[in-house]
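# Summary of structural features
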Amino acid sequence: MSGGTKQQFKQFKIDNVQDACVVLGRLIAGVVINLEKYKEYSLEATALLENTNEEYINAKQYDDISDKLLYRQHQILKLTADHQSSSFSYIDLRKMMEKKGFLKSVLPQEILIILNELLDVRNCTFHNQQSMLVAAKEAAEKNIPDELKKFAKITPQINPVIISKVCKYELVMFASLVDHTEKRIEQFEKILSSMKADYQEMYDSIEEKAYIMTENGFSSDVQYIEIYRTSGLSDYNSDIAQISMAIQKSKYDGSDENYREWVVRFNEDNTTSN
């Protein structure tokens with residue numbers, strides 16, 4: 001079967017309210033999964049803080065929890081407060097859904113403020129090396145005592161190259177991390193509630209739609225059902241990941257032949273075939 005142009009697969013088109021629900025539903029699912037893990041790691045951090053009586057905390061203990069929290073935070077920020085044109089996030093999707101008339105309600109000011117704050121957090125946590133180097137130079141110059149500024153000069157350290165490794169953290173830094181996660185959890189939960197409210201509003205606007213059987217009878221309320229599955233190299237989600245990679249590389253044209261070229265299957269002998 002012949003395919004289309006490779007460019008047409010670059011974007012998921014949102015032509016109607018059903019398409020908007022598909023996109024928002026995917027974002028909601030992603031936030032739910034990552035927020036659950038974020039809460040779990042936050043509890044780990046709180047427990048460690050409550051059981052530490054020293055002035056400092058071992059770097060490995062701190063970093064192991066911090067790394068997990070930052071990864072999940074990063075994932076949630078991508079889903080909620082990211083302006084990348086090649087992706088979807090709630091902050092931009094919400095504006096588009098209003099513009100297309102899929103949503104009539106106005107985003108509450110509190111949610112807008114949180115989204116803008118999260119956008120700032122997203123930008124701050126993606127520091128590039130150039131800005132960090134400029135900031136380091138600026139900090140070094142500003143820390144010269146006033147009485148020495150006429151005589152001192154900042155000379156860059158180029159040999160040896162210094163690799164600074166933290167071996168312990170002040171406990172107050174860890175306490176700050178715990179406070180930060182508690183604040184973020186509250187914000188993320190409010191954003192998630194707003195996303196679900198928007199989904200319900202759009203779903204209600206669909207004239208011909210399915211009604212779900214619940215324990216209280218048929219309902220038009222959107223249901224959020226958790227399913228548990230085993231992830232494998234040859235399942236549907238693996239197919240999605242491989243085709244997504246091809247699309248990002250502009251190497252997918254939609255033909256059956258091209259699909260088989262990209263989707264790697266694993267047989268019982270653990271060998272691969274196209």
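Residues numbered from 1 in each chain as written. Predicted model: local features only at pLDDT ≥ 70, side-chain atom pairs only at ≥ 80, totals over all residues. Heavy atoms only, no water.

When helices and strands are counted, the protein chain shows eight helices and six strands. Ordered by position from N to C terminus, the α and β elements of the protein chain give α-β-α-α-α-α-β-α-β-β-α-α-β-β. Here the C-alpha atoms of the protein chain give a radius of gyration of 24 Å, more than 25% beyond the 19 Å that 2.2 N^0.38 yields for 274 residues. The proportion of buried residues among the 274 residues of the protein chain is 31%. The contacts of the protein chain with a sequence gap of at least 6 include a subset with a gap of at least 24, amounting to 69%. As displayed, the protein chain offers around 19000 Å² of accessible surface, 53% of which is attributable to carbon and sulfur atoms. Of the charged side chains in the protein chain, 33 are positive and 42 negative, and the gap between their average positions amounts to 7 Å. (Helix = DSSP H or I, 4+ residues; strand = E, 2+ residues; numbered from the N terminus. Rg over C-alpha atoms; globule rule 2.2 N^0.38 Å. Buried < 20%, exposed > 50% of the residue type's maximum accessible area, 1.4 Å probe, protein only. Contact = heavy atoms within 4.5 Å. Areas by Shrake-Rupley, 256 points an atom, 1.4 Å probe, with all protein chains shown as cover. Lys, Arg positive; Asp, Glu negative; His and termini not counted. Charge placed at Lys NZ, Arg CZ, Asp CG, Glu CD.)

Moving on, we get to the pattern of salt bridges. This structure, assessed with the given rule, holds 13 salt bridges. Close ionic contact of E44 with K68 constitutes a salt bridge, the shortest N to O distance being 2.8 Å. Taken as a pair, E44 in helix α1 (residues 17–50) and K68 in helix α2 (residues 59–80) lie far apart in primary sequence, 24 residues in all. Overall, the relative accessible area of 29% leaves K68 in the partly exposed class. The residue K60 makes a salt bridge to D64 at a minimum N-O spacing of 3.0 Å. Taken together, the positions of K60 and D64, both in helix α2 and four residues apart, correspond to about one turn of that helix. The network of salt bridges with common partners includes R94, E98 and D198. (Salt bridge = Lys/Arg side-chain N within 4 Å of Asp/Glu carboxyl O.)

The next thing to look at is the packing of aromatic side chains. One pass over the structure, following the stated rule, counts three aromatic pairs. Ring geometry for Y38 and F188: centres 5.6 Å apart, planes at 75°, overall edge-to-face. Residue Y38 is located in helix α1, and its partner F188 is located in helix α6 (residues 171–205); the two are separated by 150 residues in the primary sequence. The exposure class of Y38 is buried, given its relative accessible area of 0%. An aromatic cluster is built from Y62, Y169 and F174, whose rings are joined through pairwise contacts. (Phe/Tyr/Trp six-rings, centres within 6.5 Å; stacked < 30°, edge-to-face > 60°.)

For the rest of this paragraph, the subject is a nonpolar patch on the surface. Side chains of F12, V22 and F88 sit close together on the surface and give an oily, nonpolar patch of about 270 Å² of accessible area. If you trace the backbone, F12 turns up in the segment before α1. (Patch = residues over 30% accessible without salt bridge, like charges linked within 9 Å, V, L, I, M, F, W, Y side chains within 5 Å.)

On to the nonpolar core, then. Ranked by size, the top nonpolar core spans 51 residues in total, and within it L24, M97, F174, I191, M195 and M202 carry the most contacts. Where this core is concerned, the elements lending two or more residues are α1, α2, α3 (90–99), α4 (109–124) and α6. Here this core gets 13 residues from one element, more than from any other, and that element is α1. With residues up to four places along the chain from it excluded, the contact list for F174 reads A45, L48, L49, I57, Y62 and I65. (Core = buried A, V, L, I, M, F, W, Y, C linked by side-chain atoms within 4.5 Å.)

Taking 1.5 Å per residue, 16 residues should reach 22 Å; α4 reaches 23 Å between its end C-alpha atoms and fits that length. Residues of α4 that are buried make contact with α2, α3 and α6. (Expected span 1.5 Å × (residues − 1).)

A few words now on the side chain of T181. Take T181: it is sitting in helix α6. Leave out the neighbours within four places in its chain, and T181 touches Y38, S42 and L69.

Before going further, it helps to examine the layout of surface pockets. Size it by volume and the second largest pocket reaches roughly 310 Å³. Contributing to the lining of the second largest pocket are L133, A136, K137, A140, E141, I154, T155, P156, Q157, I158, V161 and I162. Its residues placed into classes, the lining of the second largest pocket shows eight nonpolar, two polar and two charged. (1 Å grid on protein atoms, 1.4 Å probe; cavity = no way out; pocket = protein on both sides within 12 Å on 5 of 7 lines; lining within 4 Å. Points joined across faces, edges and corners; volume = space filled by probe spheres on them. Nonpolar A, V, L, I, M, F, W, Y, C, P; charged D, E, K, R; others polar.)

What follows concerns the packing of α3 against α6. Angle between the axes and distance between the axes are the two parameters that describe a pair of packed helices. In contact at an axis separation of 12 Å, α3 and α6 are set at 30° when each is read in the N-to-C sense. In terms of orientation, α3 and α6 fall into the roughly parallel class. Pair α3 / α6 crosses with left-handed handedness. Between α3, through Y90, R94 and M97, and α6, the contact on the second element is made entirely by I191, S194, M195, D198 and M202. Residues belonging to the contact of α3 with α6 are distributed by class as follows: five nonpolar, one polar and two charged. (Axes fitted to C-alpha atoms, helices over the stretch in contact; angles between N-to-C directions. Parallel < 35°, antiparallel > 145°, perpendicular 65-115°, else oblique. Left-handed = near helix turned anticlockwise from the far one by under 90°.)

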